[in-house]
Amino acid sequence: RRHTRYISVTGVQTCALPILALRASRFRGIHTLSAEPRLLERPQKGLLDLMQQLGVQAQIKRNELHIVSDGWKKPKNPLMVDTTESSQYASSLVLNSWLLDFDLEFKLIGEKISESYFALTLEMLKHLGLRYQNKGSAYIIPAGQRIEKLNYEVEADVSSMFTICAAGALAGESIVENYPAQTQQPDKVFVDILKRMGAAVESDGSTLTVKHPKVLHSVDCNLSQSPDLFPVLAVLCSWAQGTSKLHGAPHLVKKESNRIQKTSDLLKLVGIAHESLSDGMIIHGNPRQMLVQNSAFNPDKDHRMVMAAALMKLKGHQIHIEEPEAINKSFPEFWRMTGVKP
């Protein structure tokens, strides 16, 4: 007899859906995951294909993901995990690999989008005691493994930290305590980017300080492994002297919003010349922007677009941010820490 479970995933980040879906599919039952329609409209073929290979029935209807499962079944062949759209499916798979009664064999196929995030997930699981074998793009996780450490100290989120440091580079000074100097988070590259742009950056190992320079310089950045930096970095580049190029991240169009389009909308709103690319954007910076009055910006329920628009407000643009609560997905303390009002 299958048990029926109803799970709401409304208000979570997009990366949570495949984790929760695969977790539910580990158990015998009929599971319904309710989500905002926008979340389920994003490409989910990789997730559905993965569950099918594990003997799980799954389909999307309107704002619900329906799962019928008798538990994971050992595939005859290694799982094929497509990473062309995202590394989230691979990360979600290994996060749900504890206490399996068969060896989990899988291979990553397609272009390795955001591969650094998958590597970070493996590093965390290794710390918790997970053993795995790896050769090239093929992986084997032996059966029957249990978590060996029940306590894990989570590092500060470097992606959100970048927004606070960008605020310092734009309008004064930011001091970040408990900075994880030895982190493996791929977005740690922001420190080098800020230095290249001319910001004064200092670190004593646990505290990171960023100060506004006299001039911000343009930059050329490949964001293939750190796409979450794009919206805020685009705002920084809009205030820089010269032309910047952000590229290497075609998957930006499949995030919480189409971040290339929404960033373009924001830059158009404040009069910044730019050209959208299939994998990023060329931005013609203007350190002396004419401040807009009484305008509105729709972040399309994307927390990182809220952050980007808020930095424009910090610089003096009078922008009303619609649905600012979207930022609560990742950074509910944002408004208090920056002093910006949506």
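Rules used in this analysis
Residues numbered from 1 in each chain as written. Predicted model: local features only at pLDDT ≥ 70, side-chain atom pairs only at ≥ 80, totals over all residues. Heavy atoms only, no water. Pairing = 2+ DSSP bridges. Helix = DSSP H or I, 4+ residues; strand = E, 2+ residues; numbered from the N terminus. Buried < 20%, exposed > 50% of the residue type's maximum accessible area, 1.4 Å probe, protein only. Contact = heavy atoms within 4.5 Å. Phe/Tyr/Trp six-rings, centres within 6.5 Å; stacked < 30°, edge-to-face > 60°. Lys NZ or Arg CZ within 6 Å of the ring centre and 35° of its normal. Salt bridge = Lys/Arg side-chain N within 4 Å of Asp/Glu carboxyl O.

Topic: the pairing of strand E10 (residues 200–203)
Here's step 1: Relative to strand E11 (residues 207–211), E10 runs antiparallel, the two being bridged by four bridges. Each bridged residue has a counterpart across the sheet, and for Ser203 the counterpart in E11 is Leu208.
Here's step 2: Where E10 folds back on E11, the antiparallel hairpin that results is connected by three residues, among which Gly205 adopts a positive phi of roughly 105°.

Concerning helix H1 (residues 16–25)
Here's step 1: Within H1, seven of the 10 residues are buried, which leaves the element mostly enclosed by the surrounding structure.
Here's step 2: Within H1 the residues assigned to the buried category are Ala16, Leu17, Pro18, Ala21, Leu22, Ala24 and Ser25.

What to know about the environment of Val215
Here's step 1: Its place among the elements puts Val215 in the loop between E11 and strand E12 (220–222).
Here's step 2: On a C-alpha basis, the gap between Val215 and Met307 in space is 22 Å, while along the polypeptide they are 92 residues apart.
Here's step 3: Excluding residues that lie within four positions of it along the chain, Val215 makes contacts with Met197 and Gln241.

Things to note about the packing of aromatic side chains
The description of an aromatic ring pair uses the distance of the two centres, along with the angle that the planes make with each other.
Here's step 1: Under the definition given, this model contains six aromatic pairs.
Here's step 2: For the ring pair Phe162 and Phe190, a centre distance of 5.3 Å and an interplane angle of 40° mean the geometry is tilted. Highlighted residues: Phe162 in helix H6 (residues 158–171) and Phe190 in helix H7 (residues 190–196), separated in sequence by 28 residues.
Here's step 3: Judged by its relative accessible area of 2%, Phe162 is buried.
Here's step 4: An aromatic cluster of three or more residues is present, and its members are Phe106, Phe118, Tyr132 and Tyr139.
Here's step 5: In this arrangement the basic side chain of Arg26 is found over the ring face of Trp72, its NZ or CZ atom lying 5.2 Å from the centre.
Here's step 6: The lysine or arginine in question, Lys315, covers the ring of Trp239, its NZ or CZ lying 4.5 Å from the ring centre.

What to know about the pattern of salt bridges
It is possible for side chains of opposite charge to pair when their charged atoms get near one another.
Here's step 1: Enumeration over the complete set of coordinates arrives at 10 salt bridges.
Here's step 2: Here Asp228 ties to Lys255 by a salt bridge, and the two come within 3.6 Å at their closest N and O atoms. Within this pair, whereas Asp228 is found in the loop between E12 and helix H8 (230–238), its partner Lys255 is found in the loop between strand E13 (243–247) and helix H9 (259–269), the two being separated by 27 residues in sequence. In terms of burial, Asp228 and Lys255 fall into one category: buried.
Here's step 3: Linking Glu256 and Arg259 is a salt bridge whose minimum nitrogen-to-oxygen distance equals 2.8 Å. A single burial state applies to Glu256 and to Arg259, both of which are buried.
Here's step 4: Several salt bridges converge on common partners, so that one network encompasses Asp228, Lys255, Glu256, Arg259, Asp302 and Arg304.

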